[in-house]
Amino acid sequence: MPFRVGSGGGSTTTAGGLVFHGDPGGTIQARDAKSGELLWQFQTGFGAEATPMVFEVDGDEYVAIAAGGNQGVGSASGDAVWSFSLKGQLSPLWPPPPPPTIAGPNSGPIADNVDTVKIGDANIEFAYFPKRDRIKAGTAVTFTNKGDTPHTATSFENGKIGNWDTGPLGSGESKTIIFDKSGIYYYICAPHPWMYGQIIVE
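The shown structure was predicted, so the numbers you read here are calculated from the model rather than taken from an experiment.

What counts, and where the lines are drawn
Residues numbered from 1 in each chain as written. Predicted model: local features only at pLDDT ≥ 70, side-chain atom pairs only at ≥ 80, totals over all residues. Heavy atoms only, no water. Pairing = 2+ DSSP bridges. Helix = DSSP H or I, 4+ residues; strand = E, 2+ residues; numbered from the N terminus. 1 Å grid on protein atoms, 1.4 Å probe; cavity = no way out; pocket = protein on both sides within 12 Å on 5 of 7 lines; lining within 4 Å. Points joined across faces, edges and corners; volume = space filled by probe spheres on them. Nonpolar A, V, L, I, M, F, W, Y, C, P; charged D, E, K, R; others polar. Buried < 20%, exposed > 50% of the residue type's maximum accessible area, 1.4 Å probe, protein only. Patch = residues over 30% accessible without salt bridge, like charges linked within 9 Å, V, L, I, M, F, W, Y side chains within 5 Å. Areas by Shrake-Rupley, 256 points an atom, 1.4 Å probe, with all protein chains shown as cover. Salt bridge = Lys/Arg side-chain N within 4 Å of Asp/Glu carboxyl O.

Trainee: Looking at this model, I keep getting lost on the sheet that holds strand S16 (residues 174-179). Mind explaining?
Mentor: Hydrogen bonding along the main chain pairs the strands of a sheet, whether they run parallel or antiparallel. Strand order in the open sheet formed by 4 strands is S11-S10-S13-S16, and the pairing between neighbours is mixed. For this open sheet the edge positions go to strand S11 (128-129) and S16, each flanked by a neighbour on one side alone. Pairing of strand S10 (residues 116-119) with strand S13 (residues 139-145) involves 4 bridges; the strand directions are parallel. By the bridge assignment for S13, isoleucine 119 is matched with asparagine 145.

Trainee: Any chance you could explain the layout of surface pockets here in plain terms?
Mentor: It is a probe the size of a water molecule, rolled over the atoms, that shows where empty space is left. The volume enclosed by the second largest pocket comes to roughly 430 Å³. Along the walls of the second largest pocket sit 20 residues, with Trp40, Val63, Phe84, Ser85 and Leu86 positioned nearest its centre. Classifying every residue of the lining of the second largest pocket gives 13 nonpolar, 6 polar and 1 charged.

Trainee: Can you help me understand unusual backbone geometry in this one?
Mentor: If a residue is not glycine, its phi is most likely negative; likewise, a peptide bond is most likely trans. Here the residue pair phenylalanine 129 and proline 130 is connected by a cis peptide bond, since its omega of -5 degrees sits within 30 degrees of zero. Take proline 130: it is sitting in the loop between S11 and strand S12 (132-135). A positive phi angle, near 50 degrees, is found at aspartate 58, a position not held by glycine. Positive phi, normally seen in glycine, also occurs at asparagine 113, with a value near 55 degrees. Judged by its relative accessible area of 55%, asparagine 113 falls in the exposed class.

Trainee: Sorry if this is basic, but what is going on with a nonpolar patch on the surface here?
Mentor: Taken together, the side chains of Met53, Phe55 and Val57 make up a nonpolar region of the molecular surface, amounting to roughly 240 Å² of accessible area. Of note, valine 57 is situated in strand S6 (residues 53-57). By relative accessible area, which is 37% here, valine 57 ends up partly exposed.

And the structure:
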């Protein structure tokens, strides 16, 4: 069984000594497990951070990877599943835009005058929409949980929890916060602190 595998850390190692892994730049690669030498690569066109899978059908061996992107690192979103065999003849896609080298609440587009922030919307559970919002002083912003998991919008300033908080919001629940003073307000989800957002009050 040449495709007996072990996997972990986003890579799959075969009994034949190959390591398959993808990357945020969209490339799936095969390397020699001992030397690390690059033996093969293919551009999927989207962020390819999923762990590759290997399987056999009617004696033919395949490698597959889901290339869907990763919001956490900002790689290109997609909905492709690539499957490869020794008989494959497909050409690679164009490279996606490179992921940003700077992450955090100060990156990404800014929405203007949006008074509702959706949490866990569009089947993306751990994110705010919009992530960055510019509003006028005195605007009431409603945080609505569109996801399946309880979330919060919790003020987070200088590495510490701040003075406003929606509290836990179950699916479908909302809480409104009024931003009276100009300034830049950062927030996180307390149970999932890798989620972050920014309110710019003018």
